[in-house]
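Architecture and fold: a report
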Amino acid sequence: MGLYPDIEPYDHGMLDVGDGNRVYWEVCGNPLGKPAVVLHGGPGSGCTPFARRYFDPDAYRVVLLDQRGSGRSTPHASDPATDMSVNTTPRLIADLELLRRHLGIERWLVWGASFGSVLGLRYAQTHPGRVSELVLTGLATGSRAEVALLTRGLGKIFPAAWRAFRDGVPEAERDGDLAAAYHRLLESPDPAVRAAAARSWTDWETAFLPAPPRSVPRYEDAVFRAGFARTVTHYFAHDHWLGGDEVVLRDAPSLAGIPGVMVQGSLDFGNLLGIPWRLAQAWPDSELILVEEAGHDAGARGIADELTAATDRFRPGAG
């Protein structure tokens, strides 16, 4: 068991979703296969070719997209002129519905990683009739406690890296909401201020991964770094645009009837808040699979195997 071989899209395009935004999409696999959509993390990471490999290309029609402001979608969040007020979770959900209709899909399996799990869960809660199954990893729900853990709580585990992260904002803001403080810096009219904030934010992100700072290649791309940091802090500073705290967890019982598999690394720091277990208890048709000695990386050995096994389980005719 393992990942499927690399494949290339057989179709792709740019979808006008309104608000001056055009979203990149691609489709690969079997044109007559079971529809599935891949929701990347970040928010702001963009989709990657690797995500195509979680699906049997003979069985699935796999749709990938770059969410607003990321990847090949335009305008990109790295451009300070890009209006971020129209980059919100409800608009991302509306974009998914527009893309689904554009591709003539009735229902699809929703696959999401990290922020993609937040988006996938909320999409399924909003449009349950359009989701056949959910396959999620790097579980997140967009709650304030999760943001507080990532921006302050983990400082107790990585004190030196966190101190550098904290000191990247003005002294008067260091005891407050660090996500909001970085968000303000990343909206600065001064390009040097924006660049320094993006570097500091991504250095902190890599500090609590199993690798030294600046070891993630994509963070060495200044355009990616700027767009990613700006988008993440935009969402973190506004409760992920969910309309309140713990909304996804509150509405988890509404997922009844939608089968789901949650694959979680036992060493994922998100586990410190018990989010995967709370979801599993509240979502009647879900299964939580823990992968020992794995973290947040959806491509890690063990996690990737379980994610592929989950999509295999939901193939037409399986079981």
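Structure: above.
For every chain, the first residue of the written sequence is number 1, and numbering continues from 1 onward in sequence order. Residues qualify for local features only when their pLDDT is at least 70, as the model is predicted, and side-chain atom pairs are given and counted only at 80 or more; totals for whole chains, interfaces and linings, by contrast, use all residues. Values shown for side chains rest on all heavy atoms present in the structure; no hydrogens or waters enter the calculation.

1. Quick notes on the pairing of strand E7 (residues 260–265)
The cut-offs for exposure are 20% and 50% of the maximum accessible area for each residue type, with area from a 1.4 Å probe on protein chains only; residues under the lower value are buried, those over the upper are exposed, and the others partly exposed. Helix and strand assignments come from DSSP, with helices taken as H or I runs of at least 4 residues and strands as E runs of at least 2, each series counted from the N terminus. Among the six residues that make up E7, six are buried, leaving the element largely enclosed by the rest of the structure. Here E7 shows two buried faces, one formed by Gly-260, Met-262 and Gln-264 and the other by Val-261, Val-263 and Gly-265. Bridge count for strand E6 (residues 131–137) against E7 is four bridges, and the pairing is parallel. By the bridge assignment for E7, Leu-136 is matched with Met-262. When the strands point away from the viewer and the path from the first strand over the helix to the second turns clockwise, the crossover is right-handed. In this view, the connection linking E7 to its parallel neighbour strand E8 (residues 286–291) by way of helix H9 (residues 275–282) has right-handed handedness. Pairing between strands requires that DSSP locate at least two bridges from one strand to the other.

2. Brief notes about the pairing of strand E3 (residues 34–39)
When you tally the buried positions in E3, you get six out of six residues, the bulk of the element. Alternating residues of E3 divide into Lys-34, Ala-36 and Val-38 and Pro-35, Val-37 and Leu-39, and every residue in both groups is buried. Note: E3 against strand E4 (residues 60–65), five bridges, orientation parallel. If you follow Lys-34 over to E4, its bridge partner there is Tyr-60.

3. Notes on unusual backbone geometry
Residue Pro-43 follows Gly-42 across a cis peptide bond; omega there is -5°. Examined against the element boundaries, Pro-43 turns out to sit in the loop between E3 and E4. Pro-75 follows Thr-74 through a cis peptide bond whose omega is -10°. Along the chain, Pro-75 falls in the loop between E4 and helix H1 (89–102). Located in the positive-phi region is Ser-114, a residue other than glycine, with phi close to 60°. With respect to the helices and strands, Ser-114 occurs in the loop between strand E5 (108–113) and helix H2 (115–126).

4. Some remarks on the pattern of salt bridges
Salt bridge criterion: a side-chain nitrogen from Lys or Arg within 4 Å of a carboxyl oxygen from Asp or Glu. Applying the stated criterion across every chain, the model contains 25 salt bridges. With a closest N to O distance of 3.0 Å, Asp-56 and Arg-315 form a salt bridge. Residue Asp-56 is found in the loop between E3 and E4, and its partner Arg-315 is found in the segment after helix H10 (303–313); the two are separated by 259 residues along the sequence. Take Asp-56: its relative accessible area is 11%, and that puts it in the buried class. On the accessibility criterion, Arg-315 (28% relative accessible area) is partly exposed. Among the ionic pairs, Arg-101 bridges to Glu-97, the shortest N-O distance being 3.9 Å. Here Arg-101 and its partner Glu-97 are both found in helix H1, four residues apart, which amounts to about one turn of the helix. Sharing partners across several salt bridges, the network here consists of Glu-8, Glu-26, Arg-52, Asp-66 and Arg-72.

5. What about the packing of aromatic side chains?
Here a Phe, Tyr or Trp ring, Trp counted by its six-membered ring, pairs with any other such ring whose centre lies within 6.5 Å, and the pair is stacked when the planes are under 30 degrees apart, edge-to-face when over 60, and tilted otherwise. As enumerated under the stated definition, the model contains 13 aromatic pairs in all. Measuring from centroid to centroid gives 5.6 Å for Phe-158 and Phe-269, while their planes differ by 85°, and the two rings are edge-to-face. Remark: Phe-269 occurs in the loop between E7 and H9 and Phe-158 occurs in the loop between helix H3 (144–151) and helix H4 (159–166); sequence separation between them is 111 residues. Aromatic side chains Tyr-219 and Phe-224 sit 6.0 Å apart centroid to centroid with 40° between the ring planes, which places their arrangement in the tilted category. Exposure remark for Phe-224: the relative accessible area of 13% places this residue in the buried category. Through a chain of ring-to-ring contacts, three or more aromatic side chains come together here, namely Phe-165, Tyr-182, Trp-201, Trp-204 and Phe-236.

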